[in-house]
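The primary structure of each chain is shown beneath.
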Amino acid sequence: MYIEAGAMLYGKSLTNHTPGQHVPSFAAQMERLARNGLNTVMVYGLGLFPPEQLDELMADFAVMGVRVMFQIVGEVSTLLSHNNTNAWGNFTQMVARVQQSPAHLGWCAPAL
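The numbering scheme is per chain: residues are counted from 1 as the chain's sequence reads. The predicted nature of this model means local features are confined to residues of pLDDT at least 70 and side-chain atom pairs, given and counted, to a pLDDT of 80 or more, with totals for whole chains, interfaces and linings taken over all residues. To obtain the side-chain values, all non-hydrogen atoms of the structure were included, while hydrogens and water were left out.

Caption draft 1: Looking closely at the overall build of the protein chain. If you tally the helices and strands in the protein chain, you get four helices and four strands. The linear arrangement of helices and strands in the protein chain, starting from the amino end, is β-α-β-α-β-α-α-β. Across the 112 residues that make up the protein chain, the buried fraction comes to 38%. Residue contacts follow a heavy-atom distance rule, with two residues in contact if any of their heavy atoms lie within 4.5 Å. Nonlocal contacts in the protein chain, meaning residues at least 24 apart in sequence, comprise 71% of its contacts between residues at least 6 apart. As displayed, the protein chain has an accessible area near 6400 Å², and 55% of this comes from carbon and sulfur atoms. Runs of H or I in DSSP of at least four residues are treated as helices and runs of E of at least two as strands, each being numbered from the N terminus. Note on exposure labels: buried denotes an accessible area under 20% of the residue type's maximum, exposed denotes more than 50%, and partly exposed covers the range between, all computed with a 1.4 Å probe on protein chains only. All accessible areas in this document rest on Shrake-Rupley with a 1.4 Å probe, and a residue is counted as covered only by the protein chains that are shown.

Caption draft 2: Region of the structure containing the pattern of salt bridges. We count a salt bridge whenever a side-chain nitrogen from Lys or Arg sits within 4 Å of a carboxyl oxygen from Asp or Glu. Within the structure shown, the criterion is met by one salt bridge. In this structure, the salt-bridge partner of Asp-55 is Arg-97, at a minimum N-O distance of 2.7 Å. Here Arg-97 lies in helix α4 (residues 85-99) and Asp-55 lies in helix α2 (residues 51-64), a separation of 42 residues in the sequence.

Caption draft 3: Molecular detail of the environment of Leu-105. Secondary-structure assignment places Leu-105 in strand β4 (residues 104-108). According to the relative accessible area criterion, Leu-105 is partly exposed, its value standing at 41%. Separated by 63 residues in sequence, Leu-105 and Met-42 place their C-alpha atoms 9.6 Å apart. Those residues within four positions of Leu-105 in sequence are excluded, and the remaining contacts are Thr-40, Arg-67, Val-68 and Met-69.

Caption draft 4: Focus on the packing of aromatic side chains. Only rings of Phe, Tyr and Trp enter the pairing, Trp through its six-membered ring, and a pair is recorded when the two centres are within 6.5 Å. The plane angle decides the type: under 30 degrees is stacked, over 60 is edge-to-face, the rest tilted. Going through the model one piece at a time under the given rule, you end up with two aromatic pairs. Judged by centre distance (5.6 Å) and plane angle (35°), the rings of Phe-70 and Trp-107 are tilted. Note that Phe-70 is positioned in strand β3 (residues 67-71) and Trp-107 in strand β4, a separation of 37 residues in sequence. Between Trp-88 and Phe-91, the aromatic rings sit 6.0 Å apart at their centres with planes inclined by 90°, giving edge-to-face as the arrangement. Note that Trp-88 and Phe-91 are positioned in helix α4 at a spacing of three residues, about one turn of the helix. On the basis of relative accessibility, which here comes to 41%, the residue Trp-88 falls in the partly exposed class.

Caption draft 5: Representation of the confidence of the model for the protein chain within the structure. The predictor attaches a confidence to each residue, called pLDDT, with possible values from 0 through 100. Of all residues in the protein chain, 73% have pLDDT values of 70 or greater, and the mean over the chain is 75. In this model, residues 6-14 is a region of pLDDT below 50 whose contacts with residues beyond four sequence positions or in other chains number 14 contacts.

Caption draft 6: The arrangement of α4 in detail. Multiplying 1.5 Å by the residue count of a helix minus one yields the expected span of that helix. End to end, α4 covers 21 Å across 15 residues, agreeing with the expected 21 Å (1.5 Å per residue, within 8%). Of all the positions in α4, only Ala-87, Phe-91, Met-94, Val-95 and Val-98 are classed as buried. Relative to the axis of α4, the buried residues are bounded by an arc of 95° and lie together on one face. Exposed positions of α4 whose direction lies more than 90 degrees from the buried face are Thr-85, Asn-86 and Gln-93. Its side-chain oxygen 3.1 Å from the backbone nitrogen of Asn-86, Asn-84 forms the N-cap of α4. Along the arc lie the directions from the helix axis toward the C-beta atoms. For the purposes of these results, a polar contact is taken to be a pair of N or O atoms within 3.5 Å, where, inside protein, one atom must be able to donate a hydrogen and its partner to accept one; residues adjacent in sequence count only when each atom of the pair is a side-chain atom.

Here it is, written out as structure tokens:
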């Protein structure tokens, strides 16, 4: 299962969740998949999710028993080209926001 927060789908995605979409309807779709055995998802575009929506999404995944891997290639690439306090602060806040969730499984980053 791939979830992408931007305009592009990766691989053969089963769903595309764009920031601003109604989270409860997305959660209902994920819950149906979880009841049928889905237990892990890969989320792309982590930095594009508004903080409150990301909190809701992680809470929904935790309740469903779905674990989340975050692909952070775009976020790490931004740090390489904008190596400054503001960029690192944004990245640190994003990581801190999800790392304590019981739904968080891990990170997938590029080999640099």
